[in-house]
Every structure is written in C-alpha cells, then in structure tokens.
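# Structure at a glance
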Amino acid sequence: MSREKFVTIVSTAVPLPMENVDTDQIIPARFLKATNREGFGENLFRDWRYDSNNKPNADFVLNNSKFSGDILVGGKNFGSGSSREHAAWAIYDHGFKVVVSSFFADIFKNNALNSGLLPIQISEDDLEEIFNAIESDSKEKFEVDLTNQTLRIQSSGKAISFDINPYKKECMLNGYDDLDYLINLKSEIEAFEVSYC
C-alpha cells in the first residue's frame, strides 16, 4: 500500500476563510521543480506565510499556534487555477488529511483524491457553521467518518453528509493508489483470464 488507510479521524481544524484560493497561491510555481511528492509542504501558501524578507507573517493562520489539526477549512472555490497536482501534494505533505470547502475545482478535487487527501464539499451554510464553531473555540473537534461519509461537529453533534466517488472511497479506505487497486485484483484478473482461455 502506498498510503495510510483513511477510515475515521477526529481533529481540530485550521480555518482559511478566503474564497477563490488558486493552486498558485497554494504552492507557487517556482517550487514545482521536484517530481516526487515529498517536500512540498514546507512551501504550502509560501507567499502568504512569509514576507519578502522570508520572515513568518504573524497574521497568517498557519503561523498562528492557536490553530492546528489534520483538517484545513477553506472558502468557496478552493483549488481553482492551473491543474498542478503539486497543490494537493503540498497540503497533504504539510500534514492535512482533509480539506473542506463549499466548492472545489474539479481538477483539484481529483488530484486531492489521487494523493490521499480527502476533499469534503458541503453547503455554504454548513461551511459558515464550521467557521463559526472554530472561531468560537479553536480547540473545537470534528469527526470525519469516511465509511458513513459524514463530517460531525463534536460540540453540537451535527453530522454533515458529503459525497465521494465510490472507487476513490474504496481506495482511500484501503490506502490504495490506482496501481495498488489493480494489484489487489490480481487473483481475480488471473481467474478471469483462465476462464476465457
């Protein structure tokens, strides 16, 4: 298996209530020289996290020790712009396992699923409720249950349902990438071949 299995997580969340966050803001183009997935997390939101002197920007949420967790909560239209898969790699490599928004660019959403990062698309009202919960208590916890496809706000108990492609869901539950999935079916493929020879 190439990735950790994703079944259920309980975590605090990092709020990024900005709309139209594009892939160049997530990982600037000058950091796209590598072709493997490791090391991109250190440059996640680089131009927002650091000033022109390479000093941490105290106003940016990832530099605020008040917020932490495996869940990134973004504004509407997250991951727009170019199709670079490095954006999903950077979020995952930084340590996030889930990104929540009321709308994702399709290419970003697919890149996230292919990278082991779970994109959860919910309504704008539910997104606002999550932002409010984090604002009220930065230690608010959320439970993400992939099997039942729910995101639960622990303090209120409210469960928000989300959709996911069934194939990608199976891959994430088992920690498979596309190749792992095919290897897992090897005996079935071989049996099929024998039956038609």
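The rules behind each value
- Residues numbered from 1 in each chain as written.
- Predicted model: local features only at pLDDT ≥ 70, side-chain atom pairs only at ≥ 80, totals over all residues.
- Heavy atoms only, no water.
- Helix = DSSP H or I, 4+ residues; strand = E, 2+ residues; numbered from the N terminus.
- Buried < 20%, exposed > 50% of the residue type's maximum accessible area, 1.4 Å probe, protein only.
- Lys, Arg positive; Asp, Glu negative; His and termini not counted.
- Salt bridge = Lys/Arg side-chain N within 4 Å of Asp/Glu carboxyl O.
- Polar contact = N/O pair within 3.5 Å; in protein donor to acceptor, adjacent residues only side chain to side chain.
- Contact = heavy atoms within 4.5 Å.
- Pairing = 2+ DSSP bridges.
- Right-handed = clockwise from strand over helix to strand, strands pointing away.
- Expected span 1.5 Å × (residues − 1).
- Arc of directions from axis to C-beta.

## Overview of the side chain of Lys169
- Relative to the helices and strands, Lys169 resides in helix 6 (residues 166–174).
- The buried charged residue Lys169 lacks any salt bridge partner; its closest oppositely charged side chain belongs to Asp145, at an N-O distance of 7.4 Å.
- One polar contact links Lys169 to Gln149, side chain to side chain, over a distance of 3.0 Å.
- With residues near it in sequence (within four places) discarded, Lys169 still touches Leu146, Thr147, Gln149 and Ile164.

## Let's talk about the pairing of strand 7 (residues 150–153)
- Relative to strand 7, strand 6 (residues 142–145) runs antiparallel, the two being bridged by 4 bridges. Paired with Phe142 across the bridge in strand 7 is Ile153.
- The turn joining strand 6 and strand 7, which pair antiparallel and follow one another in sequence, is formed by 4 residues; a positive phi near 55° is taken by Gln149.
- Pairing geometry for strand 7 and strand 8 (residues 159–161), over 3 bridges, is antiparallel. Its bridge partner lying in strand 8, Leu151 is registered against Ile160.
- Connecting strand 7 to the next strand, strand 8, in antiparallel fashion are 5 residues, including Gly157 with a positive phi near 80°.

## Considerations on the pairing of strand 4 (residues 98–101)
- What you see with strand 4 is no split at all: Val98 and Val100 on one side and Val99 and Ser101 on the other are buried throughout.
- Across 3 bridges, the pairing between strand 3 (residues 71–74) and strand 4 is parallel. Among the inter-strand pairings, Val73 is bridged to a residue of strand 4, identified as Val100.
- With helix 3 (residues 86–94) bridging strand 3 and the parallel strand 4, this β-α-β connection has right-handed handedness.
- When strand 4 meets strand 5 (residues 118–121), the two strands line up parallel, connected through 4 bridges. Each residue of the ladder has a partner; that of Val100, found in strand 5, is Ile120.
- Running through helix 4 (residues 106–115), the crossover from strand 4 to the neighbouring parallel element strand 5 is right-handed.

## So, the environment of Pro17
- With respect to the element layout, Pro17 can be found in the loop between strand 2 (13–16) and helix 1 (23–26).
- On the basis of relative accessible area, Pro17 is assigned to the exposed category, the value being 58%.
- In this structure, the C-alpha to C-alpha distance between Pro17 and Val61, residues 44 residues apart in sequence, is 10.0 Å.
- Every residue in contact with Pro17, bar those within four places of it in the chain, is listed here: Val73, Gly75 and Phe131.

## Focus: helix 5 (residues 124–136)
- Look at helix 5: 18 Å from first C-alpha to last across 13 residues, which is about the 18 Å you get at 1.5 Å a residue.
- Of all the positions in helix 5, only Asp126, Leu127, Ile130, Phe131, Ala133 and Ile134 are classed as buried. Angularly, the buried residues of helix 5 cover 160° about the axis, an arc narrow enough to put them on a single face. Exposed and oriented more than 90 degrees from the buried face of helix 5 are Asp125, Glu135 and Ser136.
- Those residues of helix 5 that are buried are in contact with strand 2, strand 3, strand 4, strand 6, strand 7 and strand 8.

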